[in-house]
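# A closer look at the structure
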Amino acid sequence: MKKMKKQRKMNVRAYVSIGMLSSIAFLLMLIQFPLPLFPNFLFVDFSDIPALIAALIFGPIAGVLVELFKNILNYIQTGSFTGIPVGHIANFAAGIVFILPTYYIYNRLKTRKGMTLALISGTVTMAVIMSILNYLIILPAYTLLMGFPDMRNLVVPAILPFNILKGVMMSAIFMLLFIRMQAWINKNTTIKSV
């Protein structure tokens, strides 16, 4: 009976935390900005940081849920020029391919050096996979839905370096937070999968 009450209390804590982190991620997603020298449709935001915190504390599913909820909220708030949330789907995919490798590598190493390695792996994974997805799916979708010219020639000179730079920026900010939060994150890692 006590074990069931404790489990229920942890589930409620996880759900409330996921909701709170999703809200923070949504707000951070609204504070987006372009980088000079890159096409004006590429924006940096730091909304993947709350999703990474959720993944580290509650498991990878929690991180994916934060990514999902923030994109749904943003789509409801801002809509999409295409009518289909192509940009939101791309943001969701980019967030997942950044946080999952970071989570799995850090989960094995559990040190600051391990987190640095995990963030580098997450950045490289995000940059490579998003370049492939942009070439095969995302940019052709914009071409089809918006009547844009074929933009796949931007993958190597613009999208790949942009995602690397975005990953480096997110990793730097997250490491500043992680240095102060590592003990708290490790202490509160109670649920491996929500």
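You'll find the structure just up there.
Description of the structure in this document. (Residues numbered from 1 in each chain as written. Predicted model: local features only at pLDDT ≥ 70, side-chain atom pairs only at ≥ 80, totals over all residues. Heavy atoms only, no water.)

### So, the overall build of the chain
Condition: Secondary structure elements follow DSSP: runs of H or I no shorter than four residues count as helices, runs of E no shorter than two count as strands, and numbering proceeds from the N terminus. A radius of gyration in this sense is built from C-alpha atoms; the matching globule rule multiplies 2.2 Å by the number of residues raised to 0.38. Here's how the labels work: a residue is buried when its accessible area is under 20% of the maximum for its type, exposed when over 50%, partly exposed in between, all with a 1.4 Å probe on protein chains only. Note on contacts: a residue pair is in contact if any heavy atoms of the two residues lie within 4.5 Å. Every accessible area reported is derived by Shrake-Rupley at a probe size of 1.4 Å, with residue values counting cover from the shown protein chains alone.
Helix and strand counts for the chain stand at 6 helices and 2 strands. Listed N to C, the secondary structure of the chain is α-β-β-α-α-α-α-α in terms of helices and strands. At 17 Å, the chain has a C-alpha radius of gyration in line with the 16 Å of a compact globule built from 194 residues. Seen along its three principal axes, the alpha-carbon backbone of the chain occupies a region of about 60 × 35 × 25 Å. The buried share among the 194 residues of the chain stands at 43%. Counted over contacts in the chain with a minimum sequence separation of 6, partners at least 24 positions apart contribute 72%. When the accessible area of the chain is evaluated, it comes to approximately 10,600 Å², of which 72% is carbon and sulfur surface.

### Describing the nonpolar core
How we decide: Take the buried Ala, Val, Leu, Ile, Met, Phe, Trp, Tyr and Cys residues and link them wherever side-chain atoms come within 4.5 Å; each set so joined is a nonpolar core.
Of all hydrophobic cores here, the largest spans 45 residues; its most connected members are Leu-56, Met-115, Met-130 and Phe-174. Elements with a minimum of two residues in this core: helix H1 (2–30), helix H2 (48–58), helix H3 (60–78), helix H4 (86–109), helix H5 (112–146) and helix H6 (155–188). The residues contacting Phe-174, other than those within four sequence positions of it, are Ile-49, Leu-52, Ile-53, Leu-56, Met-115 and Leu-119.

### A look at the environment of Arg-152
Our working definition: Polar contact is the term for a pair of N or O atoms within 3.5 Å; when the atoms are in protein, one must be able to donate a hydrogen and the other to accept it, and sequence-neighboring residues count only if both atoms are side-chain atoms.
As for its position among the elements, Arg-152 is in the loop between H5 and H6. Put simply, Arg-152 and Ser-131 are 21 residues apart on the chain and 9.5 Å apart in space, counted from C-alpha to C-alpha. Setting aside residues no more than four positions away along its own chain, Arg-152 makes contact with Tyr-135, Leu-139 and Pro-140. A distance of 3.1 Å separates polar atoms of two side chains, one belonging to Arg-152 and the other to Asp-150.

### Describing the layout of surface pockets
Put simply, the rule reads: Buriedness for pockets is judged along seven lines, at least five of which must meet protein on both sides within 12 Å for an open set on the 1 Å grid over protein atoms alone, while cavities are sets there where a 1.4 Å probe fits but cannot get out, and lining residues have an atom within 4 Å of a point. Grid points are joined across faces, edges and corners, and a volume is the space filled by probe spheres set on the points.
The volume enclosed by the largest pocket comes to roughly 930 Å³. Forming the walls of the largest pocket are 30 residues, and the residues nearest its centre are Gln-32, Phe-41, Phe-43, Gly-87 and Tyr-142. Of all elements in the fold, only H3, H4, H5 and H6 reach the threshold of two or more residues within the lining of the largest pocket. A per-element tally of the lining of the largest pocket places H5 first, with 6 residues.

### Brief notes about the packing of aromatic side chains
Here is the rule we go by: Any Phe, Tyr or Trp ring, taking Trp's six-membered ring, that has another such ring centre within 6.5 Å forms a pair; planes under 30 degrees apart are called stacked, those over 60 apart edge-to-face, and the others tilted. Charge-over-ring placement is defined geometrically: NZ (Lys) or CZ (Arg) within 6 Å of the ring centre, and within 35 degrees of the ring normal.
For the structure shown, the criterion picks out 5 aromatic pairs. Look at Tyr-106 and Phe-178: their rings are 5.3 Å apart centre to centre, the planes differ by 85 degrees, and that puts the pair in the edge-to-face class. With Tyr-106 in helix H4 and Phe-178 in helix H6, this pair connects stretches of sequence that are 72 residues apart. Phe-178 matches Tyr-106 in its accessibility class, with the two residues each being buried. Residue classification places Phe-178 among the buried positions, given a relative accessible area of 0%. In this structure, Arg-152 packs its charged tip against the face of Tyr-135, placed 5.1 Å from the ring centre.

### Points about the pattern of salt bridges
Convention followed: Each salt bridge in this description consists of a side-chain nitrogen of Lys or Arg and a carboxyl oxygen of Asp or Glu lying within 4 Å of one another.
Here the structure, examined in full by the defined rule, presents 3 salt bridges. Lys-70 is the salt-bridge partner of Asp-48, the closest N and O atoms lying 3.0 Å from each other. Of this pair, Asp-48 sits in helix H2 while Lys-70 sits in helix H3, and the two are 22 residues apart along the sequence. Take Asp-48: its relative accessible area is 2%, and that puts it in the buried class. Accessibility expressed as a relative area gives 0% for Lys-70, which makes it buried. Its salt-bridge partner being Asp-150, residue Arg-152 comes within 3.1 Å of it at the nearest N-O pair. Under the relative-accessibility criterion, Asp-150 is labelled partly exposed at 46%. Among the ionic contacts, a cluster of salt bridges with common partners joins Asp-48, Glu-67 and Lys-70.

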